[in-house]
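Next come the chains, spelled out residue by residue.
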Amino acid sequence: MASSIPVPFDVKLMNVTASLVFAAFVLMLCAAGAWWVLRQPFFPLAGIKVDGDVTHNNAVTLRANVAPQLAGNFFTVDLGRARAAFESVPWVRKAVVRREFPNKLRATLTEHVPVAHWGDEAESRLINGFGEVFDANVAEIDQVLPRLSGPTEQAGQVLGMYRVLVPIFQPLELEIEQLTLTSRGSWRVELDTGAVLELGRGRGEDVAARTQRFLKTVAPVARQYGRGIDAIEGADLRHNEGYALRMRGVTTVVSDPKKK
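Anyway, here's the lowdown on the structure attached to this text. (Residues numbered from 1 in each chain as written. Predicted model: local features only at pLDDT ≥ 70, side-chain atom pairs only at ≥ 80, totals over all residues. Heavy atoms only, no water.)

Here we take up the pattern of salt bridges. In the structure shown here, the tally under the stated rule is 10 salt bridges. Residue arginine 106 is joined to aspartate 51 by a salt bridge in which the shortest nitrogen-to-oxygen separation is 2.6 Å. A residue pair is termed long-range when its members are at least 10 positions apart, and arginine 106 in strand 3 (residues 104-111) and aspartate 51 in strand 1 (residues 47-52) qualify at 55 residues. Put simply, glutamate 123 and arginine 125 hold a salt bridge, and the shortest N to O gap is 2.8 Å. In this structure, a network of salt bridges that share partners links the residues Lys49, Asp51, Glu100 and Arg106. (Salt bridge = Lys/Arg side-chain N within 4 Å of Asp/Glu carboxyl O. Helix = DSSP H or I, 4+ residues; strand = E, 2+ residues; numbered from the N terminus.)

Here it is as structure tokens:
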């Protein structure tokens, strides 16, 4: 019986290489064909479903605003671009967009929940509970909100200070109408009584301690003049050993009898 001649190694290597090249070519051809098919108008988007928190928007308006910004079919539409389009709509904080077989997109939305106005009264900006500033139609707000202001990049810090100060004033039934972080890093509070308090600089705990000391001592001072806390016009807490106080109907200026 004749024995078979072994195939040389270089021939085996050539055969394996040729097989791999052929397989790669076939895969590339299939991928190109599949991509071509997917890009054809065989799988158009039939609609966009909107769910989630849409208190300040309605699904019809959202779809009308977003649909013109979408290109492609069910398989080729850019989900990132769709998400950005939804999040560009006023009040929308976050959007999660996914494909829903066979021919729809589903967008689950989360809206901003305002906790305060932000900036000057002429501005239509609000701040949410995450310390994020956003633009919206403030006329849609049906509740009384405080006003916070300061550098926009420090909005979270301003909101944090507001949350620190609110419980300090509550036992005296005083409410913060406006809290401002000035350009010099100093804190200013305007109360519902009309009083303006300069709280000075510092971390939250420092400002809180300074404010608590003021509120514990100011009531006895007001009583000496027959006044209550609601008579305070303003106070400056930026002094090291005390504070300056202004009260309605109280003056420390002594008139000169020679001028009478």
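Moving on, we come to the packing of aromatic side chains. For any pair of aromatic rings, the description consists of the separation of the ring centres together with the inter-plane angle of the planes. Per the counting criterion, the structure on display carries 4 aromatic pairs. Consider the rings of phenylalanine 74 and phenylalanine 101, whose centres lie 6.3 Å apart with planes at 75 degrees: the pair is edge-to-face. Placement of phenylalanine 74 in the loop between helix 2 (59-66) and helix 3 (79-87) and of phenylalanine 101 in the loop between strand 2 (92-100) and strand 3 is noted, with a sequence separation of 27 residues between them. A relative accessible area of 4% means that phenylalanine 74 is categorised as buried. (Phe/Tyr/Trp six-rings, centres within 6.5 Å; stacked < 30°, edge-to-face > 60°. Buried < 20%, exposed > 50% of the residue type's maximum accessible area, 1.4 Å probe, protein only.)

As summarised here, the arrangement of the 3 strands in space is 1-3-2, forming an open sheet in which the pairing is mixed. The open sheet has two free edges, formed respectively by strand 1 and strand 2, since each of these has just one partner strand. Recorded for the sheet is a direction-independent mean angle of 25 degrees between the axes of neighbouring strands. Sitting on the sheet, helix 2 touches strand 1, strand 2 and strand 3, and the angle it makes with strand 1 is about 130 degrees. Against the sheet, helix 3 engages strand 1, strand 2 and strand 3, with an angle of about 145 degrees to strand 2. (Pairing = 2+ DSSP bridges. Axes fitted to C-alpha atoms, helices over the stretch in contact; angles between N-to-C directions. Contact = heavy atoms within 4.5 Å.)

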